[in-house]
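# Chains, contacts and geometry: an overview
Spelled out from the first residue to the last, the chains are:
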Amino acid sequence: MTLSGGLFAVALALAAAGLLPWLPRRRKRTLRPQPRRGWTGRALGALLLSLALLIAGTGVLLRQYHWLVADVPVASIELRQLGSQHFEATLVLGDAPPRVLELRGDQWQLDARVIRWTLPAQLSGLAPVYRFERLSGRYAEPAQEHSAERSVHDLREGWDFWEFRQQWLAGLPIADARWGSAAYLPMIDGARFTVSLNPQGGLVATPADPRTELLLQQAGW
């Protein structure tokens, strides 16, 4: 379940409740005078509509983030060697279509950022959410890391909640996103990996099949 989907559902329910005081009331034919719908009800309806818009807007800003409530698989990566320290990676993030990316080096690394809510939100039961940042290749030798060709692929899309908070909500205790996590493993021809994320915000990469596990053992991992 995406966080945005939950927020949109709440916004829809609030909007429906907020519209009720504004709907025309069906008049009954009776000799008794009918009470008019007062401004108090309409004011409450306007408040609910405003709250619905606010929640829906937050859902739009959080569209790239997902609920993180358990240790669950969030990505998979499959490797095919093209040359010396040159690989083709097929990356699948959640339900998104596969992305084919070229990587240079000896190891692949997947980075994510986790939004941890502050204490009031945590006490209300709001789960942390995550978003992938980048996929990159890295070299086993630090010296080669400085001189060899690098490969970094940006996995972010558009403007997000973190940028909005930094610009407009920095002084409010809404969320603390000072938490990053990364997982890396060697690039081996034909290897397949699963990446999971736990509730503490840690990325964990594991072999997706026995063959990959055997390849890791042969590579000394």
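All figures in this text were calculated on a predicted structure; none of them were measured in a lab.

## So, the overall build of the protein chain
Scanning the protein chain for helices and strands turns up 6 helices and 11 strands. Counting all 221 residues of the protein chain, 37% fall into the buried class. Pairs at least 24 apart in sequence give 62% of the contacts found in the protein chain among residues at least 6 apart. Carbon together with sulfur atoms contributes 58% to the accessible area of the protein chain, which is approximately 13,600 Å² in total.

## A look at the pairing of strand S4 (residues 99-104)
Where strand S3 (residues 86-93) meets S4, 6 bridges bridge the pair, whose relative direction is antiparallel. Bridged to Thr-90 within S4 is Val-100. Here S3 folds back onto S4, and the loop between the two strands holds 5 residues, one of which, Gly-94, carries a positive phi near 60°.

## Some thoughts on the sheet that holds S3
In any sheet, the strands associate via hydrogen bonds between backbone groups, in a parallel or an antiparallel arrangement. Within the open sheet, the 5 strands sit side by side as S4-S3-S2-S10-S11. Their pairing is antiparallel. Here the strands that pair on one side only, and so sit at the sheet edges, are S4 and strand S11 (203-207). Taken over all neighbouring pairs, the strand axes of this sheet differ in orientation by 30° on average, direction set aside. As defined by bridge partners, strand S10 (residues 192-197) adjoins S11 across 5 bridges and the pair is classed as antiparallel. Residue pairing in the sheet places Val-195 in a bridge with Ala-205 of S11.

## A look at the side chain of Asp-209
When you line up the elements, Asp-209 lands in the loop between S11 and helix H6 (210-218). A distance of 3.0 Å separates polar atoms of two side chains, one belonging to Asp-209 and the other to Arg-192.

## Side note on the pattern of salt bridges
For the coordinates displayed, the defined rule picks out 8 salt bridges. Glu-88 is the salt-bridge partner of Arg-80, the closest N and O atoms lying 3.2 Å from each other. Note that Arg-104 is salt-bridged to Glu-149, the shortest N-O span being 3.7 Å. On the criterion of sequence distance, the pair formed by Arg-104 in strand S4 and Glu-149 in the loop between helix H4 (142-147) and strand S7 (152-154) is long-range, its members being 45 residues apart. Here Arg-104 falls in the partly exposed class, since its relative accessible area comes to 25%. Sharing partners across several salt bridges, the network here consists of Glu-78, Arg-192 and Asp-209.

## What to know about the pairing of strand S5 (residues 107-117)
In terms of residue burial, S5 counts as a mostly covered element, since 10 of its 11 residues are buried. Where S5 meets strand S6 (residues 129-138), 9 bridges bridge the pair, whose relative direction is antiparallel. By the bridge assignment for S6, Val-114 is matched with Tyr-130. Relative to strand S9 (residues 180-186), S5 runs antiparallel, the two being bridged by 7 bridges.

## Regarding the environment of Ser-181
Assignment of secondary structure puts Ser-181 in strand S9. Classification of Ser-181 by relative accessible area gives buried; the value is 12%. As a C-alpha pair, Ser-181 and Val-114 span 67 residues in sequence and 7.6 Å in three-dimensional space. Not counting residues within four places of it along the chain, the set of residues in contact with Ser-181 comprises Leu-110, Asp-111, Ala-112, Gly-201, Gly-202 and Leu-203. Within the structure, the side chain of Ser-181 is placed 2.8 Å from the backbone nitrogen of Leu-203, a separation counted as a polar contact.

## Observations regarding the environment of Gly-83
Of note, Gly-83 is situated in strand S2 (residues 72-83). Residues Gly-83 and Arg-104, 21 residues apart in the sequence, show an inter-C-alpha distance of 9.5 Å.

## Topic: unusual backbone geometry
Despite not being glycine, Gln-85 shows a phi value in the positive range, around 55°. Residue placement: Gln-85 occurs in the loop between S2 and S3. Classification of Gln-85 as partly exposed rests on a relative accessible area of 24%.

Reading the values: the criteria
- Residues numbered from 1 in each chain as written.
- Predicted model: local features only at pLDDT ≥ 70, side-chain atom pairs only at ≥ 80, totals over all residues.
- Heavy atoms only, no water.
- Helix = DSSP H or I, 4+ residues; strand = E, 2+ residues; numbered from the N terminus.
- Buried < 20%, exposed > 50% of the residue type's maximum accessible area, 1.4 Å probe, protein only.
- Contact = heavy atoms within 4.5 Å.
- Areas by Shrake-Rupley, 256 points an atom, 1.4 Å probe, with all protein chains shown as cover.
- Pairing = 2+ DSSP bridges.
- Axes fitted to C-alpha atoms, helices over the stretch in contact; angles between N-to-C directions.
- Polar contact = N/O pair within 3.5 Å; in protein donor to acceptor, adjacent residues only side chain to side chain.
- Salt bridge = Lys/Arg side-chain N within 4 Å of Asp/Glu carboxyl O.

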